[in-house]
Amino acid sequence: MSASDQTPVASNSVREVVTADIERGTFGGRVQTRFPPEPNGYLHIGHAKAITVNFGIAADFDGTCNLRFDDTNPDTEEADYVDAILADLAWLGYPLDRAALFASDYFEQLYEWAELLIEKELAYVDEQDGETISAQRGGYGKPGIESPFRARAAEENLALFRRMRAGDFADGSHVLRAKIDMQHENMQLRDPVMYRIRAGHHHRTGDQWKIYPTYDWAHGQSDAIEGVTHSLCTLEFDSHRALYDWYLGHLPLPFEKPCQTEFARLELTHTIASKRKLMRLVDDGTVDGWDDPRMPTLRGLRRRGYPSLAIREFCSFIGVARTNSRHQIELLESFVRTNLNKVALRRMAVLRPLKVVITNWPVGDDGEPVVELMELNNNPENADDGTRMVAFTGEFYIEQDDFRAEPPPKYYRLTPGREVRLRGAYFVTATGFEADTDGQVTEVRVTYDPDTRGGSSPDGRKVKSTMHWVSAAHAVDGTAVLYDRLFTAEVPGDETGDPFDDLNESSREIIMGAKLEPALGDVEPGQVVQFERLGYFAADPRERLLFHRTVGLRDEWAKIQRRNS
RNA sequence: UCCGGGGUCGUCUAAUGGUAGGACAGCGGUUUUUGGUGCCGCCUGUAGGGGUUCGAAUCCUCUCCCCGGAACCA
């Protein structure tokens, strides 16, 4: 049974929490989650898990999940990213049942709540610089010390805070801090910053605001405003939960207080997902852009030909736990293969062509070699995909790998004196070959058996292998791009600390002059087909006759060769 | 160093006091007009020590190991 046929795991750590809440009646049985990306980069495979978890939990409990852009930092965020995220989310296959929301829409409410905390003497304006504040915070096992501005009267804080909003102060000169506990063992609770002054232009509020809320001050409150019940986030926010609860506990909320629950983020072998590092790959020119097929971005995976369904199935299959883990990329690839095997049309393409000539091929009345139309199956996994006619004549191409003058052990393919099947065409037997001065085979001569038309012999004799081919006279030239992992190490940077030390220098191989069967000229942009015996290939969205290898087929012969070497 | 979170086959993930199961990977077989697919089989695991119990991956306890936390990032 293949992975994707498995029923999803029956339980996971988040589902248990939600189930318990429902049994307890905590939110009146209501379940609402949210996916909160920051619009400062493109979505990647890690986000796909977060999306699957949030939308999945909502669906499982008949609840809702909204998209909220966590746009609290004008310095890094851009409207372009908002559009890209919306597009990627739609491609992944999670339609929004409600328009996208923005944390920036709550800036006024957040501001009012901040004034409320000041009035309750739970927040104060600090005039020290960042370095000083950081130093005063103390360290692990070492208590912090209180700011000299901590004891300021509420009225003074209020006046100062209003002037911060009005733009009376320079960037970095003042912050609003929550007054919690500078001795607290959880550093997050040592008077965290709620507001900082930023002169930047915000992608939605423009220049209206001079002060911007920090993540912690914005996130839980945004959840509360939206009526979120379960705020699901990754493990590194675990220590922020106390702060999340502290803020919410001091505010008059329109709904019941949401609760934060953490789960492990998705990590994959041979892959990095940090936005900063992905950005570096783009900036360095290591990859061609955010949609380079080697990128773990959703747009990269899409261009590579990964079906969004395979990504979703993978994400549900791996489950949700609190264990730090790193999944092998092979598992994702197995979902891609399983998925594509069912839907990808079969086509023939020869990547590294070797010319073969049939010496007993008939010539027609016009003096030209006869051309026959052979009927080939479009997909043995799906009869509904039907068949197609493919032209065959006395000269065609096979892969260079498919002929050996001197066959190694276990080699089943064409070799002098051996008979093999050309898929859907004829049995041929190699009778000779030409080689250049380097010993490189340049042409193979074969004879064919006219009684084996279609690929089966009337006398029932067997051949060891079936090979793909493309008629020389009918071939269309195209380009195939082969990809390997971007990083050679399972955990990039594990050895040296710098993932870029593990960059795979040959992660891409461009093969021009591939010989394609003519039907490959009609493939829709983005469509994925199987090149028989070679792998799944996605037609480039823009350039015709350019194919990206999504993933190779499992390759028994390659394994044998690896073992023998 | 303090606080928090974790540790089940190679990698993930189930088992919530009652037969340690599944997937991927690997290995072998079988089917096959893709050395693909399918099917069958094999392989390997509860971090360690004590305890509670008829019975422990699960509860208690000590130890070890890993991850996260000291942005005016999220």
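Residues numbered from 1 in each chain as written. Chains lettered and ligands numbered in written order. Predicted model: local features only at pLDDT ≥ 70, side-chain atom pairs only at ≥ 80, totals over all residues. Heavy atoms only, no water.

All right, on to the protein's contact with RNA strand B then. In the region of RNA strand B, 75 residues are neighbours, and Glu16, His327, Arg346, Gly454 and Arg554 sit closest. For RNA strand B, the fraction of protein-proximal atoms (within 4 Å) that sit in sugar or phosphate groups is 62%. Within the contact set of RNA strand B, a base nitrogen lies 2.8 Å away from a side-chain nitrogen or oxygen of Glu381. Looking at the surface near RNA strand B, the elements that each hand over two or more residues are helix 5 (130-136), strand 6 (193-197), helix 11 (308-318), helix 12 (329-343) and helix 13 (556-564). Ranked by the residues each element gives to the surface near RNA strand B, the list is headed by helix 13, at five residues. Grouping the constituent residues of the surface near RNA strand B by class yields 20 nonpolar, 29 polar and 26 charged. (Near = heavy atom within 4 Å. Polar contact = N/O pair within 3.5 Å; in protein donor to acceptor, adjacent residues only side chain to side chain. Helix = DSSP H or I, 4+ residues; strand = E, 2+ residues; numbered from the N terminus. Nonpolar A, V, L, I, M, F, W, Y, C, P; charged D, E, K, R; others polar.)

The next point concerns the sheet that holds strand 22 (residues 508-516). Pairing is mixed across the open sheet formed by seven strands, whose spatial order is 10-23-24-25-21-22-11. Pairing within the sheet leaves two strands with one partner each, and these edge strands are strand 10 (345-347) and strand 11 (349-350). Sheet topology note: the strand 24 (residues 535-539)/strand 25 (residues 546-552) ladder contains five bridges and is antiparallel. Residue pairing across strands places Gly535 opposite Gly552, the latter belonging to strand 25. Running at roughly 120° to strand 25, helix 12 makes contact with strand 10, strand 23 (528-531), strand 24 and strand 25 of the sheet. (Pairing = 2+ DSSP bridges. Contact = heavy atoms within 4.5 Å. Axes fitted to C-alpha atoms, helices over the stretch in contact; angles between N-to-C directions.)

Looking now at helix 1 (residues 13-24). Across its twelve residues, helix 1 extends 17 Å between first and last C-alpha, which sits within 8% of the 16 Å expected from 1.5 Å per residue. Here helix 1 has its buried residues at Val14, Arg15, Val18 and Asp21. Buried residues of helix 1, viewed axially, fall in a sector of 125°; they line one side. The outward face of helix 1, more than 90 degrees from its buried face, is lined by the exposed residues Glu16, Glu23 and Arg24. At the N-terminal end of helix 1, a side-chain oxygen is found 3.0 Å from the backbone nitrogen of Val14, two or three residues along, and the residue is Asn12. (Expected span 1.5 Å × (residues − 1). Buried < 20%, exposed > 50% of the residue type's maximum accessible area, 1.4 Å probe, protein only. Arc of directions from axis to C-beta.)

Let's shift gears to the domain arrangement of chain A. Taken domain by domain, chain A comprises domain 1 (10-265), domain 2 (275-345 + 478-564) and domain 3 (349-460). Each of domain 2 and domain 3 was reduced to a C-alpha centroid, and the two centroids are 30 Å apart. At the interface, 23 residues of domain 2 touch 22 residues of domain 3. Taken together, both faces of the contact between domain 2 and domain 3 bury some 1800 Å²; the carbon and sulfur share is 52%. Interface area lost by domain 2 to domain 3 is led by Lys515, Glu532 and Trp557, which between them contribute 33%. The interface formed by domain 2 and domain 3 holds four salt bridges in total. The residue Arg352 makes a salt bridge to Glu509 at a minimum N-O spacing of 2.8 Å. (Domains from an automatic or database assignment. Buried area = accessible area lost by both parts, 1.4 Å probe. Salt bridge = Lys/Arg side-chain N within 4 Å of Asp/Glu carboxyl O.)

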